[in-house]
Amino acid sequence: MALTPIPGVTRLRKFQLGPESTFETQVAATRRMPWSFVPDVNPNWTNTTADTGTLTQALPPYRAALDITGPATGQLFYNDIPALLGYGVLGGITPTGGGTAKTWTYAPSDTTQDIFDTATGEWFDDATADCQTYMGGVINDFTLAYPQTLGPIDLTANWRFGAMATYPSTPTGALNVDPAPTPVYAADTTISINDTFEILQPSVTFT
């Protein structure tokens, strides 16, 4: 007996990303992210303002710039940090160090405009014919919440995409989330405070 997909089953939703080499140029996804994501696609339909001699709207509305936003939520895992910081802090970072031990340093400038990595995002459920694909994705802002239990850090990353591919699109197949990711525990982090005030250039380094 053949199984029929049930559109809208939230447990079967998938959000996967592919790093773009050119802004808003669609690429195939390369990684399925361990996040929950629900997009908000707003075409910004706007009513025409005019005296038309009618009580009802006589002129058709028009579309403005497309807004594609949405929060991605979940726990923070070590292998997701480069994506989080590349799309949300500073792009084009190459890690240093030999072997599997790498050090990544993100030092955005406060005097010049920095570049961001951009992503193509694919969002769908088990009805793959209903896939939505977005291009030019960056993270507007993100929040890390440290639980009192000192367990895995909670992540909320607010995405914004610049364009949407023809709907529906075909998602990239054969991608799965990492079945054994390593969480970033609050218990493993340290906060240091400089007791001498000074203006510092923001910098993030992790190994």
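Residues numbered from 1 in each chain as written. Predicted model: local features only at pLDDT ≥ 70, side-chain atom pairs only at ≥ 80, totals over all residues. Heavy atoms only, no water.

This part covers helix 1 (residues 81-88). The buried fraction of helix 1 is high, at seven of eight residues. Those residues of helix 1 not exposed but buried are Ile81, Ala83, Leu84, Leu85, Gly86, Tyr87 and Gly88. (Buried < 20%, exposed > 50% of the residue type's maximum accessible area, 1.4 Å probe, protein only. Helix = DSSP H or I, 4+ residues; strand = E, 2+ residues; numbered from the N terminus.)

The side-chain alternation of strand 11 (residues 154-161) yields one buried face, formed by Leu155, Ala157, Trp159 and Phe161, and one unburied face, formed by Asp154, Thr156, Asn158 and Arg160. Pairing between strand 7 (residues 67-75) and strand 11: eight bridges, direction antiparallel. Across the sheet, the residue bridging to threonine 69 is arginine 160, located in strand 11. Pairing of strand 10 (residues 132-145) with strand 11, which is carried by seven bridges, proceeds in the antiparallel orientation. Looking at the pairing, phenylalanine 142 lines up with alanine 157 of strand 11. (Pairing = 2+ DSSP bridges.)

All right, on to unusual backbone geometry then. In this structure, proline 168 follows tyrosine 167 across a cis peptide bond, with omega equal to -10°. Examined against the element boundaries, proline 168 turns out to sit in the loop between strand 12 (163-164) and strand 13 (204-206). The residue glutamate 24 is not glycine, and still its phi comes out positive at about 60°. Positioned with a positive phi, alanine 174 is a non-glycine residue whose angle comes to about 65°. For alanine 174, a relative accessible area of 80% translates into the label exposed.

Glancing now at the nonpolar core. Ranked by size, the top nonpolar core spans 28 residues in total, and within it Phe15, Leu17, Trp35, Phe37, Tyr87, Trp159 and Phe161 carry the most contacts. Looking at this core, the elements that each hand over two or more residues are strand 1 (14-19), strand 7, helix 1, strand 8 (104-106), strand 9 (119-124), strand 10 and strand 11. Counting residues per element, this core draws most heavily on helix 1, at five residues. Other than its neighbours up to four places away in sequence, tyrosine 87 contacts Leu17, Gly18, Pro19, Phe116, Asp117, Thr118, Ala119, Gly137, Val138, Ile139 and Trp159. (Core = buried A, V, L, I, M, F, W, Y, C linked by side-chain atoms within 4.5 Å. Contact = heavy atoms within 4.5 Å.)

We now examine the environment of tyrosine 78. Inspection of the secondary structure puts tyrosine 78 in the loop between strand 7 and helix 1. Taking the C-alpha atoms as reference points, tyrosine 78 and tyrosine 185, separated by 107 residues in sequence, lie 9.8 Å from one another. Tyrosine 78 has contacts with Thr182, Pro183 and Val184, leaving out every residue within four places of it along the chain.

What follows covers the packing of aromatic side chains. A complete count under the given rule lists five aromatic pairs for this structure. Measuring from centroid to centroid gives 4.1 Å for phenylalanine 15 and phenylalanine 37, while their planes differ by 20°, and the two rings are stacked. With phenylalanine 15 in strand 1 and phenylalanine 37 in strand 3 (residues 36-37), the pair connects residues that are 22 residues apart, well separated along the chain. Ring plane angle 10° and centroid distance 5.5 Å describe the contact between tryptophan 159 and phenylalanine 161, whose orientation is recorded as stacked. Side by side, tryptophan 159 and phenylalanine 161 carry an identical accessibility label, which is buried. Taken together through their ring pairs, the aromatic side chains of Phe15, Phe37, Tyr87, Tyr134, Trp159 and Phe161 make up a single cluster. (Phe/Tyr/Trp six-rings, centres within 6.5 Å; stacked < 30°, edge-to-face > 60°.)

Moving on, we come to the pattern of salt bridges. Enumeration according to the criterion identifies two salt bridges in this entry. The partner of aspartate 80 in a salt bridge is arginine 31, and the shortest N-O contact between them spans 2.7 Å. Of the two residues, aspartate 80 sits in the loop between strand 7 and helix 1 while arginine 31 sits in strand 2 (residues 31-32), which places them 49 residues apart along the sequence. On the accessibility criterion, arginine 31 (29% relative accessible area) is partly exposed. Measuring nitrogen to oxygen at the nearest pair gives 3.0 Å for the salt bridge that ties aspartate 67 to arginine 160. Remark: arginine 160 occurs in strand 11 and aspartate 67 occurs in strand 7; sequence separation between them is 93 residues. (Salt bridge = Lys/Arg side-chain N within 4 Å of Asp/Glu carboxyl O.)

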